[in-house]
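Fold and contact review
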Amino acid sequence: LMLATPAKIAGCRQIVLCTPPNREGKVNPAILVAARVAGVSHVFKAGGVQAIGAMAYGTESIPRVYKIFGPGNQYVMAAKQLVSLHDTAIDMPAGPSEVCVVADASSDAEFVAALLSQAEHGIDSQVFLITTSEEMLQKVTEQVDVQLAALPRKEIAQQSLNNSIFVLVRDEAEAMDLSNAYAPEHLIIATSDYERLAEKVVNAGSVFLGRWACESAGD
């Protein structure tokens, strides 16, 4: 939806989706339904650098495209930058994925721990928790362990958690100063007074406000 909708608005006649299949060679039905809703015209079971090369130069089955959109790990990003040197445009050169969550005693630890949705993007991803509540920090730490055990990509998420940090701060002013210094790609303000704290945001990419506005929904 995030990538096909702008292509439809731009009047693209053909929208190609490459998505890696699972070990049984199947694509998750939710992806196929979303592709149909979004107006994707072709779906191919391919991912990673192979998919970038196939779309950039064309194969017997996958057509050559004019522009390649979408996220990926450092290898995918390097491939996109390489093909963009010639005839294929790309959206942008993106860095490692990161998310920062600002939480207080009123936050939902289970929701905050869902920052794992960003941790599983790649081993160089980073998640950053800033909280004014020591109890919340402990609850989130426990929830991360619970949710990590159930993740299909837990090995990747575990490695990116090694790059990650949970910080206890004195007050909300210190929390926002730290967030602005970090300048996260995604910022979730999961506090009770998120509207007031939102006015203090200086450096951030996408900002999600309130306990129900999780970054995984943004993805």
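Attention here is on the structure that accompanies the text. Treat the numbers as computed from the prediction; the structure is a model and nothing was measured.

What counts as what
- Residues numbered from 1 in each chain as written.
- Predicted model: local features only at pLDDT ≥ 70, side-chain atom pairs only at ≥ 80, totals over all residues.
- Heavy atoms only, no water.
- Helix = DSSP H or I, 4+ residues; strand = E, 2+ residues; numbered from the N terminus.
- Buried < 20%, exposed > 50% of the residue type's maximum accessible area, 1.4 Å probe, protein only.
- Contact = heavy atoms within 4.5 Å.
- Pairing = 2+ DSSP bridges.
- Right-handed = clockwise from strand over helix to strand, strands pointing away.

**Some points on the overall build of the protein**
When its secondary structure is counted, the protein shows 11 helices and nine strands. For the protein, the C-alpha atoms occupy an extent of roughly 60 × 35 × 30 Å along the three principal directions. Scored against the burial criterion, the 219 residues of the protein give a buried share of 37%. Summarising the internal contacts of the protein: among those between residues at least 6 apart in sequence, 63% fall at separations of at least 24.

**Section: the pairing of strand 2 (residues 42-45)**
Relative to strand 2, strand 1 (residues 16-19) runs parallel, the two being bridged by four bridges. Counterpart to Val16 in the pairing with strand 2 is His42. Taken together, strand 1, helix 2 (residues 29-38) and strand 2 constitute a β-α-β crossover, and its handedness is right-handed.

**Comments concerning unusual backbone geometry**
Residues other than glycine seldom take positive phi values, yet Ala183 does so here, at roughly 55°. Its location among the elements puts Ala183 in the loop between helix 9 (172-182) and strand 8 (186-189). Among the residues examined, Ala183 registers a relative accessible area of 34% and is labelled partly exposed.

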